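Coordinates in review
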Amino acid sequence: MNNYDSYFDLGQLIAKYMRNELSDQEKLQLDQWLQADARNQELFKKLTDEHLLNNELETFSATDKAKAWHNITKSTGFKRKNNKLRWVGYAAAVLLLAALTITLNKRQTAEQPQNLANQHKDIPPGTNKAVLTLADGSTIVLDSAKHGQIANQQNVVIREDKDGKVVYEATHETQGPTAPVTTETIAMNMLATPRGGQYQVVLPDGTKVWLNAASSLKYPTTFTGNERRVELTGEAYFEVSKDPSKPFNVKTASQTVTVLGTHFNINSYADEGVTKTTLLEGSVRVTGNSGQSVKIKPGEQAVNTLSNININENANIDEAVAWKNGKFVFSNTDLQTIMRQLSRWYDVDVEYQGKTAQKHYMGRISRNVPVSQIFEILKTSGLNFTINGRKIIVKS
């Protein structure tokens, strides 16, 4: 694991604190992290001690410093030579966090070598895979290795492009007269991903959909009538093609999201307890099964608790769509939520032994790594992880 990446969010918060540049939301995030564990408070004191920071920076190798500067440049866009003073806080916090983390990890490895005793049986990340169910009930197993035409329905060609996306394209070639396509005769398809799988589909209207693990999308091969309607279980990110004459509706178990053309993410996993709709661009209306309806703007998130829909006006967009961008992003995220994400992406079951830790975590890491590397973010709080087949045992 790259310690600089995993702890960069926390380093930024502390660095901004040192420069008195925290927003109200960032102040809340930092306060929540501090209240989560007394050890966090001790670490915070060390990271805000200028004398200690200066001494610690002197112990770093040129290679370590170069890596940190690279990550800071990539994430902030600052020019080191032109903003030397503003960089000091970032460098100190990030470098010291990395140093303390490495030291702590070495100590835990020496004291508890059994923590990852089954590391040789590590579990790889998920891949692009799904099952496409056609209107006649036949199924096609999909993966990124297949290309070209895979089916033809109602003058619509279904193909898989070179990037591994399922694409629906209308064709005007017919073999003699055909009956008109109506709402009653329209063919319905379903794309479903298993645990450990994800996939993309381009719908007949050009709308792009990214489907997360353990999810499904049901949709017609042709959109007829005065609306475009699809049904979702699990999680998906949508880039809807604009068509003012045909609103695009996404139906889940608890709500309907109505849009004309926009970018948004819906997390509707049953085991999450709430449905979250996060808007990146445009405007959407979320209508719950109770009849409550709210409209959200870019940067906002509608949180549907079944009985009520609340609006989070300062949603963490990076965290909401991290999966679509190939990352895990934890921003004051509780252990159970993290483990549910790992369960779906790595196709594993999770078992807790001992008292369940009520801790929250910050960090980011690629989804394209073995599951053991995720443990590096979590085990610093004293948790132990064991891999037993396709089960992760969490001990506190």
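This text follows the structure it describes.
About the cut-offs
Residues numbered from 1 in each chain as written. Predicted model: local features only at pLDDT ≥ 70, side-chain atom pairs only at ≥ 80, totals over all residues. Heavy atoms only, no water. Axes fitted to C-alpha atoms, helices over the stretch in contact; angles between N-to-C directions. Helix = DSSP H or I, 4+ residues; strand = E, 2+ residues; numbered from the N terminus. Parallel < 35°, antiparallel > 145°, perpendicular 65-115°, else oblique. Contact = heavy atoms within 4.5 Å. Nonpolar A, V, L, I, M, F, W, Y, C, P; charged D, E, K, R; others polar. Salt bridge = Lys/Arg side-chain N within 4 Å of Asp/Glu carboxyl O. Buried < 20%, exposed > 50% of the residue type's maximum accessible area, 1.4 Å probe, protein only. Pairing = 2+ DSSP bridges. Polar contact = N/O pair within 3.5 Å; in protein donor to acceptor, adjacent residues only side chain to side chain. Phe/Tyr/Trp six-rings, centres within 6.5 Å; stacked < 30°, edge-to-face > 60°. Lys NZ or Arg CZ within 6 Å of the ring centre and 35° of its normal. Core = buried A, V, L, I, M, F, W, Y, C linked by side-chain atoms within 4.5 Å.

**Looking at the packing of helix H9 (residues 335-346) against helix H10 (residues 371-378)**
A packed helix pair is summarised by two numbers, namely the angle formed by the two axes and the spacing between the axes. The contact between H9 and H10 brings their axes to 12 Å, and the two run at 170 degrees. One element, H9, and the other, H10, form an angle in the roughly antiparallel class. Counted together, Leu 335, Ile 338, Met 339, Leu 342 and Tyr 346 of H9 and Val 371, Ile 374 and Leu 378 of H10 form the full contact between these two elements. Of the residues that constitute the contact of H9 with H10, the class distribution is eight nonpolar, no polar and no charged.

**Topic: the pattern of salt bridges**
Taken as a whole and assessed by the stated rule, the structure comprises 14 salt bridges. Note that Glu 169 is salt-bridged to Arg 159, the shortest N-O span being 2.9 Å. In this pair, Glu 169 is assigned in strand S5 (residues 165-170) and Arg 159 in strand S4 (residues 156-160), connecting sequence segments ten residues apart. Among the ionic pairs, Arg 228 bridges to Asp 205, the shortest N-O distance being 2.5 Å. Residue Arg 228 is found in strand S10 (residues 228-239), and its partner Asp 205 is found in the loop between strand S7 (197-202) and strand S8 (208-211); the two are separated by 23 residues along the sequence. Note on Asp 205: relative accessible area 23%, which makes it partly exposed. Connected via shared salt-bridge partners are Asp 161, Lys 162, Asp 163 and Lys 165.

**A closer look at the sheet that holds strand S22 (residues 384-388)**
One open sheet holds the three strands; their spatial order is S20-S23-S22, and the pairing between them is mixed. With partners counted over all chains shown, the strands left at the sheet margins are strand S20 (349-353) and S22, one partner each. Put simply, the sheet's adjacent strands are angled 20 degrees from each other on average, direction ignored. Where S22 and strand S23 (residues 391-395) come together, five bridges link them in antiparallel fashion.

**What to know about the pairing of strand S1 (residues 127-133)**
With two bridges joining them, S1 and S7 adopt parallel strand pairing. When the bridges of S7 are listed, Asn 128 appears paired with Gln 198. Sheet topology note: the S1/strand S2 (residues 139-143) ladder contains five bridges and is antiparallel. Bridge pairing links Leu 132 to Ile 140 in S2. Taking the residues between adjacent antiparallel strands as the criterion, S1 and S2 are bridged by five residues, where Gly 137 takes a positive phi near 95 degrees. When S1 meets strand S6 (residues 188-193), the two strands line up antiparallel, connected through three bridges. Across the sheet, the residue bridging to Leu 132 is Leu 191, located in S6.

**Topic: the side chain of Thr 278**
Take Thr 278: it is sitting in strand S14 (residues 275-281). Within polar-contact distance, the side chain of Thr 278 engages the side chain of Gln 301 at 2.8 Å.

**As for the packing of aromatic side chains**
One pass over the structure, following the stated rule, counts eight aromatic pairs. Seen in terms of ring centroids, Phe 375 and Phe 385 are 4.4 Å apart; in terms of plane orientation they differ by 5 degrees. Their pairing is stacked. Here the residue Phe 375 occupies a position in helix H10, and Phe 385 occupies one in strand S22, the gap between them amounting to ten residues. Taken together, the ring pairs in this structure connect Phe 223, Phe 238, Phe 248 and Phe 264 into an aromatic cluster. Over the ring of Tyr 269 we find Arg 344, and its NZ or CZ is 3.6 Å from the ring centre. Over the ring of Trp 345 we find Arg 367, and its NZ or CZ is 3.8 Å from the ring centre.

**Structural notes on H10**
Extensive coverage of H10 is indicated by the burial of seven of its eight residues. Those residues of H10 not exposed but buried are Val 371, Ser 372, Ile 374, Phe 375, Glu 376, Ile 377 and Leu 378.

**As for the nonpolar core**
Within soluble globular proteins, side chains that are nonpolar tend to cluster in buried spots. Judged by nonpolar contacts, the single largest core of 37 residues is most densely connected at Leu 217, Phe 238 and Phe 264. With four residues, the single largest contributor to this core is S10. With sequence-adjacent residues up to four places away left out, Leu 217 is seen in contact with Asn 189, Met 190, Leu 191, Val 201, Leu 203, Val 209, Leu 211, Val 230, Glu 231, Leu 232 and Phe 238.

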